[in-house]
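Architecture at a glance
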Amino acid sequence: AQKITQTQPGMFVQEKEAVTLDCTYDTSDQSYGLFWYKQPSSGEMIFLIYQGSYDEQNATEGRYSLNFQKARKSANLVISASQLGDSAMYFCAMRELMNRDDKIIFGKGTRLHILP
Amino acid sequence: GAVVSQHPSWVICKSGTSVKIECRSLDFQATTMFWYRQFPKQSLMLMATSNEGSKATYEQGVEKDKFLINHASLTLSTLTVTSAHPEDSSFYICSGVALHSYEQYFGPGTRLTVT
């Protein structure tokens, strides 16, 4: 069964510093996708970045990059030059692409606080 | 990205009544829709997966007779919470996936309070 683990319940980071949010996963499938979502206090889920299991390059989207280490089954999110608006809950998620259920499973999340 | 709407955005109902939440994909056809529940300071918990025109697949521990899901078209799925109890108070979020797409598009959520 697929599983996502986020070991950091909360983090405090100074504004403009880079921050790494940890995520490890477990799956027996060879084909899967990894996602990061941001959830501000309003509750909406904001898609940040995606990494496919067969993608050779680490995914990047603006200030977001995904440090994908397949052998370690980790998919850490790196936010460069953090901003006050980055304060939110962050969820790592995984989808087994060959699973006909197509469902995405979420980790427990990390609450990120950016300090001025 | 694609847009998913939910209605209502918040609702207060009395114990024993039923509440229907609508989830619409506005600019794409969602072959699969998911319903999640999120309690305060917790993660999203998948309740069920619905494919257009077929019965929903419920996750273990989710009562299918209490949480009725209908996915009658490629742009609309509904979740009906029947005989609501205060413990059903939660944030309900739907999402849709287009055919051959990896990305899941989330609705803004519905906050349900049962008094």
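Residues numbered from 1 in each chain as written. Chains lettered and ligands numbered in written order. Predicted model: local features only at pLDDT ≥ 70, side-chain atom pairs only at ≥ 80, totals over all residues. Heavy atoms only, no water.

1. Some details on the overall build of chain A
Filter applied, for reference: Numbered from the N terminus, helices here are DSSP runs of H or I no shorter than four residues, and strands are runs of E no shorter than two. In short, Shrake-Rupley with a 1.4 Å probe defines the accessible areas, and a residue's cover is counted only from the protein chains shown. For the purpose of counting charges, residues Lys and Arg are taken to be positive, whereas Asp and Glu are taken to be negative. His and the chain ends are not included. The atoms used to mark charge sites are NZ of Lys, CZ of Arg, CG of Asp and CD of Glu.
On a plain count of helices and strands, chain A comes out with 0 helices and 12 strands. When the helices and strands of chain A are read in sequence order from the N terminus, they spell out β-β-β-β-β-β-β-β-β-β-β-β. Overall, chain A is about 45 × 30 × 20 Å in size when its C-alpha atoms are taken along their principal axes. For chain A, the exposed surface amounts to about 5800 Å²; the carbon and sulfur share of it is 48%. Seen as two clouds, the 12 positive and the 13 negative side-chain charges of chain A have centres 4 Å apart.

2. A word on the pattern of salt bridges
Stated precisely, the cut-off is as follows: By salt bridge we mean one thing: a side-chain nitrogen of Lys or Arg within 4 Å of a carboxyl oxygen of Asp or Glu. Each residue is assigned to one of three classes by its accessible area relative to the maximum for its type, calculated with a 1.4 Å probe on protein chains only: buried under 20%, partly exposed between the two thresholds, exposed over 50%.
Scanning all chains against the criterion turns up 5 salt bridges over all chains. Its salt-bridge partner being Arg 63 of chain A, residue Asp 86 of chain A comes within 2.8 Å of it at the nearest N-O pair. Of this pair, Asp 86 of chain A sits in the loop between β9 (74–79) and β10 (88–96) while Arg 63 of chain A sits in the loop between β7 (60–61) and β8 (64–69), and the two are 23 residues apart along the sequence. Since its relative accessible area comes to 2%, Asp 86 of chain A is described here as buried. We classify Arg 63 of chain A as partly exposed; its relative accessible area is 22%. Here Asp 88 of chain B and Lys 66 of chain B are joined by a salt bridge, their closest N and O atoms 2.8 Å apart. Of this pair, Asp 88 of chain B sits in the loop between β8 (76–81) and β9 (90–98) while Lys 66 of chain B sits in the loop between β6 (57–58) and β7 (67–73); the two residues are 22 residues apart in sequence, bridging distant segments of the chain. Each member of the pair Asp 88 of chain B and Lys 66 of chain B is classed as buried.

3. Some details on the environment of Thr 78 of chain B
Residue and element names in this part refer to chain B. Put simply, the rule is: By the convention used here, residues are in contact when the closest approach between their heavy atoms is within 4.5 Å.
Along the chain, Thr 78 turns up in strand β8. Along the sequence, Thr 78 and Cys 94 sit 16 residues apart, while their C-alpha atoms lie 9.3 Å from each other. Every residue in contact with Thr 78, bar those within four places of it in the chain, is listed here: Lys 20, Ile 21, Glu 22, Trp 35, Leu 68, Ile 69 and Asn 70.

4. Details of the interface of chain A and chain B
Here is the rule: The term buried area means the drop in 1.4 Å probe accessible area that two parts suffer when joined, counted for both and summed. Here a polar contact is recorded for every N or O atom pair within 3.5 Å, except that within protein the pair must consist of a potential hydrogen donor and a potential acceptor, and residues adjacent in sequence are included only if both atoms are side-chain atoms.
Each partner contributes residues to the interface: chain A has 18 residues there, and chain B has 19 residues. Both sides of the chain A and chain B interface together cover about 1500 Å² of buried area, and 57% of this is carbon and sulfur. Of all residues in chain A, Met 45, Lys 103 and Phe 106 of chain A give up the largest surface area on contact with chain B, accounting jointly for 27% of the area buried on that side. At the surface where chain A touches chain B, the tally comes to 1 salt bridge. Salt-bridge contacts for Lys 103 of chain A lead to Glu 59 of chain B; the nearest nitrogen and oxygen are separated by 3.1 Å. At the boundary of chain A and chain B, one finds 5 residue pairs in polar contact (both at pLDDT 80 or more).

5. Section: the sheet that holds β7 of chain B
Residue and element names in this part refer to chain B. Applied cut-off: For two strands to be treated as a pair, DSSP must find at least two bridges joining them. Lines fitted to the C-alpha atoms define the axes, with helices restricted to the stretch that makes contact. Angles between their N-to-C directions range from 0 to 180 degrees.
Spatially, β1-β3-β8-β7 is the arrangement adopted by the 4 strands of the open sheet, whose pairing is antiparallel. The open sheet is flanked by β1 (4–7) and β7, the only strands paired with a single partner. Recorded for the sheet is a direction-independent mean angle of 15 degrees between the axes of neighbouring strands. For strand β3 (residues 19–25) and β8, the ladder comprises 6 bridges, and the chain directions are antiparallel. The partner of Arg 24 across the bridge, within β8, is Leu 76.

6. Considering the pairing of strand β11 (residues 110–114) of chain B
Residue and element names in this part refer to chain B. Residues Thr 110, Leu 112 and Val 114 point to one face of β11 and are all buried, whereas Arg 111 and Thr 113, pointing to the other face, are not buried. Where strand β2 (residues 10–13) lies against β11, 4 bridges are found, and the strand directions are parallel. Residue pairing in the sheet places Cys 13 in a bridge with Val 114 of β11. Both β9 and β11 contribute to a ladder of 3 bridges, which runs antiparallel. The partner of Tyr 92 across the bridge, within β11, is Thr 110.

Functional significance is not addressed by these values, which are geometric in nature.
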